[in-house]
Amino acid sequence: MSSASPVDPSAELSLLSPEFLARLEQLELVTRKIFRGRMKGERRSKRKGQSVEFADFRNYVAGDDLRFIDWNTYARLDRMFLKMFLEEEDLHFYMLLDTSASMDFGAPSKLDYAKRVAAALGFIGLTHSDRIRVETFSQPAGQRGPVWRGRASLWRLLDYLNKLEPGGATDLATGVRNFCLRNPGKGILVIVSDLLDKAGYERALRLLVAQQMDVYVIQILAAEELKPDLKGDLQLVDSEDDDRAELTISAPLLKRYEQTLAAFVAGVRDYCTRRGMTHLLASTEQPFEQLITGYLRQRGLVR
Amino acid sequence: MWPEWTSMLSWWQWTILALVPPAIVALYFLKLKRQPLVVPSTYLWHRAIEDLHVNSFWQRLRRSILLLLQLLLVALVILALFSPSWRGTQLVGDRFIFLIDNSASMSATDVAPSRLEEAKRQVLALVEQMKSTDVALVISFADTPHLVQPFTSNRQELRESVAAIRPTQQTTSLSGALRLAAGLANPGGGTDSEATDAPKPALAQVLIFSDGKFPDITDSALSGLATTFIPIGGRSAHNLAVSAFQVTRQEENAERLQAFARIENFGAERAQASIGLYLNGELIDADQIDLAADGEGGVEFNLEDLASADLELRIETADDLAADNRAWSPLDPPRRARVLCMTSGDQPLELALRTERARELAEVTVQPPSYLETAEYRSRAAGGEYDLMIYDRCAPREMPQANTWWIGRLPPAPGWSAAEKVDVPQLIDLERTHPLMQFVEMGEVLFREGAPLTAPPGAVSLIDSDRGPLLMIAPREAYQDVVTGFELMGGERIGTNWPLRPSFPVFVLNLLEYLGGRAEDAASLAVRPGQVVSLRVNTAGNQVEVVSPSGGRTKVRRNSRNTFDFAGTAEQGLYKVFAGEQLVRRFAVNLFDAAESDIRSRPDDAIRIGQTKVEGSTGPQPVRQSGWRFLLLAALAVLLVEWYIYNRRVYL
């Protein structure tokens, strides 16, 4: 659907600079899991299949295609091994963005930051003919997000991202469940959110475990959330549910907040690590380019 | 002591000030309306304050503690504006002399615990007010002054010195203390040249803490001192006192004794008291006495003969001064005088010296006139071994250290001379009031011849004839010389018929009694505290030991007048004199001072020093000690605490 909408060329400059795009062209998305695409792609799949590039051997079991038995090995070892080849296939790359009201904070706002991350990763995927799908947590259950493939779709991707507006409350669990219902296949999933859901993040992430996706959780927090610069007697109003907290900000309380935040982030990271997910904390103060070319590269999402 | 409050503002200013606390409360509640601030999520904030909720009490307290501190601050400022003040005293000057009366009357308990303690308390309170540069000295005084502490600015030394002052049982004399204070007030003294070069020291303030039981000071030189009299004690005090106590033998029956005592009531109300007589510490008799206001009365006790005893009289009824409720009297066997008579033979004289009564009174040694030339005589005469020496028609070269009686000769002392002998001088007058002439009836006495006498100044003529005095007594240093201008025997003829008349042995007995030291002994039997007692003791040694009532022992050496002078009579009670191990004398020290016993303070609470009347004052300089500075300092402290709590948010 997005492919039909007119594209605003100026959107490119608001999210990605041309110099950065040139650097991104040299990168590609990788996954630690073996996925099977629906179409043959230019990427070497970890799926062993009918291809020209040898990958591995495995024991023959009854029912295997006899054509792939390595007879040379059988002659030497008197055991039958199946010769496996890497199959080149395309990659399903999903991005799930949090567009709740709480993302509209910081300079730049957390949502803007998330959009740039999505645009950069999307561009990398598009350059390598991966299937790129971008969805949001607030997307209705029956409405699937647009899919793009090929470099020519970059403008549409950027246009789509630019049109995302913050609003509503964070409901991680519902958002993830809807996403899983819409996208039963495997692939790489990058969740960009602040994870500040009063119901907790655990249930939402647990749903993804069964999905067997290669999940990257990029938690974005604004600088004022990491180091709040608050003073005096305040009534803090929650931007999403209008919840109020009356506080007298004091040095011990600020210290206590920072401890709570550190414990929260450590809890998310621990939860993700135990379930094979990759967690990355990003501050809106942190240069966005550094996140893509530095941290995500280190974590193995791009190379 | 409650503070006095003085308003520093007018009513409308107070009205504005009264609105401040409600305004603070209102502002506090306005401040509680917190400023809303939209944040991405309150999720983490809620979690952060979850564990702080256990401290919610402190959080609430912190909220209100700032309000309370602000209200306290305003309250302190308001109190300061009321200018609270206390009545206090302030020392004016920088050099102080504290005179503290510790005489017997200062032991009165009409001011609890005693007047002396009250005086010490007031002095200590003034010492606390002294500035660090001030100096003070302390003198305690009773009958004599005592420098307790020289000038010092060390308060601890002053405190200890004042605390060390103890009550005495002595009479009061302020003049000596003032003289000492005047001497110490300007220790430099200085010559005129020094006085012109150096700046004159500041006039010392003399503060007298006393009940005023002393005579006014007549020495006008002392009136130049800057003196303040602080009277201690009240006028309503009541006191009974023993003002006299004496034990004598009955004339008609020498084996019976009589004890007389006089009791005085120094109070404005009629008083009854029970009087007890104690022998060696045990009650042997008692009596009741009823005394009018300011009245006096006597009690009398009859006793069996007692060779030697300690008699004590006690007023058993409690009053404000205990020191004068007891009196003592020693009962000693009479001491025999030591008499040396040098005569070439005079039967009537020797007979008179050997009567039974005379032997009781004296131990008489008779020697011929040649004895005067011996070394033994010279030694004894110079050593004061005898109480009385009788020279019958003989004379030594030097006057002896003893009382003397010269018969028919003149003493080798200046001032004595005799006229030519006259025949049959007619006796015209007797000095009957003199102790020597008591009961001496000379009506039938005739003189064949006599030499009218001229005596040194101070002499008294005991027998006057128509030609001049025939018997005179004159003082010589500490002794008395009696000179008879006629001879008793007169060689071949009897010079007078006096030795044949009954009055002669009476005169000799008077002589033995008076010049033998008995009169002196009687006077010294009771002395006042602090007085010197002169003791005549029949002992060969030159040293005796005096034991005080509390057991203190003092060694006393014989002086040139053949007496032992003892000055340590500060304590009331019976003193015992020992020669070696033998008890040889006892004497009593009794207060017997109406001025000390009348403990009611002076009617006008003022003393007179020279021509200056010093009004009694309650303290040096009454001043109002204002407390607003302390309140403002406290307000400042509260402000700092509030600032700290607000900025550091200590409790949250």
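The structure this text deals with has already been given above.
What counts and what doesn't
Residues numbered from 1 in each chain as written. Chains lettered and ligands numbered in written order. Predicted model: local features only at pLDDT ≥ 70, side-chain atom pairs only at ≥ 80, totals over all residues. Heavy atoms only, no water. Pairing = 2+ DSSP bridges. Helix = DSSP H or I, 4+ residues; strand = E, 2+ residues; numbered from the N terminus. Axes fitted to C-alpha atoms, helices over the stretch in contact; angles between N-to-C directions. Contact = heavy atoms within 4.5 Å. Patch = residues over 30% accessible without salt bridge, like charges linked within 9 Å, V, L, I, M, F, W, Y side chains within 5 Å. Areas by Shrake-Rupley, 256 points an atom, 1.4 Å probe, with all protein chains shown as cover. Salt bridge = Lys/Arg side-chain N within 4 Å of Asp/Glu carboxyl O. Lys, Arg positive; Asp, Glu negative; His and termini not counted. Charge placed at Lys NZ, Arg CZ, Asp CG, Glu CD. Buried < 20%, exposed > 50% of the residue type's maximum accessible area, 1.4 Å probe, protein only. Phe/Tyr/Trp six-rings, centres within 6.5 Å; stacked < 30°, edge-to-face > 60°. Lys NZ or Arg CZ within 6 Å of the ring centre and 35° of its normal. Core = buried A, V, L, I, M, F, W, Y, C linked by side-chain atoms within 4.5 Å. Buried area = accessible area lost by both parts, 1.4 Å probe. Polar contact = N/O pair within 3.5 Å; in protein donor to acceptor, adjacent residues only side chain to side chain. Nonpolar A, V, L, I, M, F, W, Y, C, P; charged D, E, K, R; others polar.

Peer 1: Looking at this model, I keep getting lost on the sheet that holds strand β25 (residues 468-476) of chain B. Mind explaining?
Peer 2: Sheet strands line up and pair through hydrogen bonds in the backbone, either parallel or antiparallel. Residue and element names in this part refer to chain B. The 8 strands lie next to each other as β16-β15-β17-β18-β26-β25-β24-β21, forming an open sheet whose pairing is mixed. One side of each edge strand has no neighbouring strand; the edge strands of this open sheet are β16 (362-367) and β21 (427-430). Pairwise comparison of adjacent strand axes, ignoring direction, gives a mean angle of 15° for this sheet. Sitting on the sheet, helix α12 (residues 503-515) is in contact with β15 (337-342), β16, β17 (388-392), β18 (403-407), β25 and β26 (479-484), with an inclination near 155° to β18.

Peer 1: Help me understand a positive patch on the surface in this model?
Peer 2: Residues and elements named next belong to chain A. A contiguous patch of positive charge, built from Arg177, Arg203, Arg206 and Arg275, is present on the exposed surface. With respect to the secondary-structure elements, Arg275 resides in the loop between α9 (251-274) and β11 (278-283). The class of Arg275 is partly exposed, set by a relative accessible area of 34%.

Peer 1: Honestly, the packing of aromatic side chains in this entry has me stumped. Any pointers?
Peer 2: Each aromatic ring pair is characterised by the separation of its centres together with the angle its planes make. Summed over all chains, the structure comprises 22 aromatic pairs over all chains. Ring centres 4.5 Å apart and planes at 55° place the aromatic pair B:Phe447 and B:Phe486 in the tilted group. Of this pair, B:Phe447 sits in the loop between β21 and β22 (449-450) while B:Phe486 sits in the loop between β26 and α12, and the two are 39 residues apart along the sequence. For B:Phe447, a relative accessible area of 3% translates into the label buried. Of the residues examined, B:Phe486 reaches a relative accessible area of 2% and is grouped as buried. Taken together through their ring pairs, the aromatic side chains of B:Trp405, B:Phe447, B:Phe486, B:Trp498, B:Phe504 and B:Phe507 make up a single cluster. The ring of A:Tyr271 has A:Arg275 lying over it, and the distance from NZ or CZ to the ring centre is 3.6 Å.

Peer 1: What am I meant to see in the nonpolar core here?
Peer 2: Side chains of a nonpolar character, in soluble globular proteins, are inclined to be buried together. Residues and elements named next belong to chain A. Formed by 46 residues in total, the largest nonpolar core has its most connected members in Leu16, Leu24, Leu121, Leu161, Val190, Ile292 and Leu301. Counting residues per element, this core draws most heavily on helix α4 (residues 110-127), at 11 residues. If we skip the residues at most four places from it in the chain, Leu161 touches Leu15, Leu97, Lys115, Ala118, Ala119 and Val134. Counting 41 residues, the second-largest nonpolar core is a separate cluster that includes Phe137, Leu189, Leu195 and Tyr257.

Peer 1: Quick question: what am I supposed to make of the interface of chain A and chain B here?
Peer 2: Accessible area lost during the coming together of the parts is what is often quoted as the interface size. Contacts between the two partners involve 34 residues from chain A and, on the opposite side, 22 residues from chain B. For the pairing of chain A and chain B, the buried interface totals around 2900 Å² over both sides, and the portion due to carbon and sulfur atoms is 67%. Interface area lost by chain A to chain B is led by A:Asp233, A:Thr248 and A:Tyr257, which between them contribute 18%. Taken together, the connections running from chain A to chain B amount to 0 salt bridges. Across the contact surface, chain A and chain B share 10 residue pairs in polar contact (both at pLDDT 80 or more). In terms of residue count, the dominant contributor to the side of chain A that touches chain B is α9(A) (8 residues). Looking at the side of chain A that touches chain B, its residues break down into 16 nonpolar, 7 polar and 11 charged.

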